[in-house]
Amino acid sequence: MIRYAVIRSYVIFLAVLVTFIALALTPGKSASASQKQDDMANMPTEVIDGAKNPELISDSDAYHMFFLTHSVLAGAGQKELNEQQNLIRQTRVSGSENAFVAMTLNDFRVQYEELVADYNAKATERQTTTGLGYDPTEFVKSRDALVLATRNKLRDGLGTVSLANLEGRVQAFKSNMKISR
Amino acid sequence: MKTYLSYFVGLLLCLCATATARGQIMTPHYATALTQTIDSTGTVGTITVTISGYATVAPGVPPSTRHTPGALLTIDGVGGYVYGTPVCASCNVYATKSMTVPFDDQYDSCFLGGDDPTTGCYFAVNTNGQVLCTIAGNLFNGGTNDYHSVAVSFSGTPVVPVQATATITATVTNNPVPLTITLTIATATGTTGSAVFLGNNQNTMTITKTTPLLIQGTKASSVPGNISLTAKVTVDSHVTTIGSTSFTVAAVTGAIPTNFIQVGVTQLSNGVLQFVYEWDSSTGHTSDLAGCSVGEIVNYPVQSQNPGFYYWKSPPYQLPVEFDFRNPFTSSIPATNVLVAPFNHTGFADNQNNPGFLSPYKADNFVASQDYGFQCSNYKNNTFTNLSVPIIIQRAVTQNSNATWMYMVTKSGSSNSVNPLP
């Protein structure tokens, strides 16, 4: 009788487990409803449009993309260097500080490319050998630290007016961005 | 019994892993950015679009998975995508594309803000940044701003209560100069009906950028929709109408939806195009809309052999039994529905779906007409009242020059595609 009770408790446990699994894998009501030609929901996929919600784009993301788009790769040709000058001129830093900004941003780019190359190599190896994704946490930390260091370098090297103009330009740059979250 | 337990625990773990794989296995962290410059001579403009970022990846991704970033840039239809190097699923991607335009009077009103929308400002820049995954399709679409001539569109406010106010949002696009836009309320037809802008209590006002307009109904309309709201710009004595809408001034008891407006559009996977809409309440409090719903009526081509349904041509489409083929198709949602962040406002997301595809593919092209509207128990006995003008939804399957096939859905100036079809 006792043994029967134990077996019965296992059976009940297994029944509960199977029921739990079945419930966990059963789609919710909305998912099980027939798909519509046009369906309404309140869960839009989130792509933040900086033109509409610049406040939702972080300074870190904005500076990252600003530095990336306003810098050139090592060994860039005259055409790319000229275009960089055109971009930096829009920031309205003083003429004598243009070269400093260009040098600082290109220094960022060199280090950034090294970071990306290192991360991509590790991520590729991990995916190829194990089929697993690579944790980007350290890469993102390093990238954001590089962005912050570059901002600090600009802050230390630019005059008050030039720095304010550049920072204002970065804030305005958010309206030309879209990011996924 | 332990054997059985191990089996079930293993089964549980296996099923949970499968559920993860069926769900979102990649989370995109991508960004696109647009830059534009004028060269030092002031004669050449350069536009550049850049995409960069990475995806976080759940276990179980095939080792051969690759992500390819693409940067789209077209000017007046010329140009296209530049694709970056295909990399692993977790890898950081990068692609950029630049194009130049002559910077002169023909272009300056679009590019940095010229002074003549009637002769310039008619070159269109289209940009996008996307990441194509070999197993999950398109992970991200980040189109940046388009540049066209200055224009004004108005949100849907079909009824302005008499002796009360309602909001109509005037959305101004591409007005970098900025030009002064004159808005005018007039009685277009019928004998009576009037409204003014709250604030100056006049029937005209000027704006330069997107502005919510508070409209006060002063006299009830003798004819539905007889009050016009028009936007015009004047350049060199040349007056151009750049947008218009109409509404009714009527007595309203309680609340009705107003200020119906598209606030987002997103290209989802499998060619699904998602629009997000919001609305307000005529009382200023959306909680007052408890007696109302906001919905749609979509009319598809009539098939005399299938009254009440529109069965998509098969092939190229599948006809799954679970797909809703009703014609006209109707659906609605409580008018108090609140969107999730970042919207956090009364509204809904509307997906333009497809039933899937079936080979051998054949060409097909059809349009549906969509009306958004509201129904309130306190207004016209729950009659469907339009919040928008009819919107055309076009879906087409066409053959590419390389013999593959593509599907495209287009609505309100936005589109999404599956190219090539599997």
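Residues numbered from 1 in each chain as written. Chains lettered and ligands numbered in written order. Predicted model: local features only at pLDDT ≥ 70, side-chain atom pairs only at ≥ 80, totals over all residues.

## A word on the overall build of chain A
Then comes step 1: Each helix and strand counted, chain A has seven helices and three strands in total.
Then comes step 2: Starting at the N terminus, the α and β elements of chain A follow one another as α-α-β-β-α-α-α-α-α-β.
Then comes step 3: Taken over 181 residues, chain A has a buried fraction of 30%.
Then comes step 4: Nonlocal contacts in chain A, meaning residues at least 24 apart in sequence, comprise 74% of its contacts between residues at least 6 apart. (Helix = DSSP H or I, 4+ residues; strand = E, 2+ residues; numbered from the N terminus. Buried ≥ 20, exposed ≤ 12 C-beta atoms within 10 Å, placed from the backbone. Contact = placed C-beta atoms within 7 Å.)

## Notes on the nonpolar core
Then comes step 1: Residues Ala62(A), Met65(A), Phe67(A), Met177(A) and Ala89(B) are the most contacted members of the largest nonpolar core, which totals 52 residues.
Then comes step 2: Setting aside its immediate chain neighbours within four residues, Ala62(A) contacts Ile57(A), Val170(A), Phe173(A), Lys174(A) and Met177(A).
Then comes step 3: Within the second largest apolar cluster, 48 residues are counted, among which are Ala195(B), Phe260(B), Val265(B) and Leu387(B). (Core = buried A, V, L, I, M, F, W, Y, C linked by C-beta atoms within 7 Å.)

## What about the sheet that holds strand S14 (residues 211-219) of chain B?
Whenever strands of a sheet pair, they do so through backbone hydrogen bonds, lying parallel or antiparallel.
All names here are of chain B.
Then comes step 1: As summarised here, the arrangement of the four strands in space is S8-S10-S14-S12, forming an open sheet in which the pairing is antiparallel. Edge positions in the sheet fall to strand S8 (151-154) and strand S12 (194-197), since each has one partner strand and no second. This sheet shows a mean twist of 35 degrees between the axes of neighbouring strands, independent of strand direction. (Pairing = 2+ DSSP bridges. Axes fitted to C-alpha atoms, helices over the stretch in contact; angles between N-to-C directions.)

## Let's talk about the packing of helix H5 (residues 98-130) of chain A against helix H6 (residues 137-157) of chain A
All names here are of chain A.
Then comes step 1: Following both chains from N to C, one finds H5 and H6 inclined at 170 degrees, their axes separated by 10 Å at the closest point. Comparing their axes, H6 and H5 come out roughly antiparallel. From H5, Phe100, Val101, Thr104, Phe108, Gln111, Tyr112, Leu115 and Tyr119 reach across to H6, where they touch Phe139, Ser142, Arg143, Leu146, Thr150, Lys153, Leu154 and Gly157.
Then comes step 2: Tallied by class, residues from the contact of H5 with H6 come to nine nonpolar, five polar and two charged. (Parallel < 35°, antiparallel > 145°, perpendicular 65-115°, else oblique. Nonpolar A, V, L, I, M, F, W, Y, C, P; charged D, E, K, R; others polar.)

## Observations regarding the confidence of the model for chain B
All names here are of chain B.
Then comes step 1: In the predicted model, chain B carries a mean pLDDT of 84, and 83% of its residues have values of at least 70.
Then comes step 2: For residues 1-24, every residue scores under 50 in pLDDT, and the model assigns this stretch 11 contacts once sequence neighbours within four places are set aside.
Then comes step 3: Of the regions scoring below 50 in pLDDT, residues 105-122 engages in 47 contacts with residues more than four places distant in sequence or in other chains.
Then comes step 4: As a predicted assembly, this complex carries a pTM of 0.52 together with an ipTM value of 0.76. (pLDDT = per-residue confidence, 0-100.)

## Notes on unusual backbone geometry
Residues and elements named next belong to chain B.
Then comes step 1: Note that the residue after Ser314, namely Pro315, is joined by a cis bond; omega there is -15 degrees.
Then comes step 2: Positionally, Pro315 belongs in the loop between strand S19 (292-299) and strand S20 (329-334).
Then comes step 3: Omega for the bond connecting Asn419 with Pro420 falls within 30 degrees of zero, at 0 degrees, which places this linkage in the cis form.
Then comes step 4: Position of Pro420 relative to the elements: it lies in the segment after strand S26 (414-418).

## Topic: H5(A)
Residue and element names in this part refer to chain A.
Then comes step 1: If you check H5, its first and last C-alpha atoms are 47 Å apart, about what 33 residues at 1.5 Å a residue would give, namely 48 Å.
Then comes step 2: Of the residues making up H5, those classed as buried are Val101, Thr104, Leu105, Phe108, Tyr112, Tyr119, Asn120, Ala123 and Gln127.
Then comes step 3: Two residues or fewer past H5, Gly131 is found with a positive phi of approximately 75 degrees. (Expected span 1.5 Å × (residues − 1).)

## Re the environment of Ala349(B)
Then comes step 1: Of note, Ala349(B) is situated in strand S21 (residues 347-352).
Then comes step 2: In this structure, the C-alpha to C-alpha distance between Ala349(B) and Val265(B), residues 84 residues apart in sequence, is 9.0 Å.

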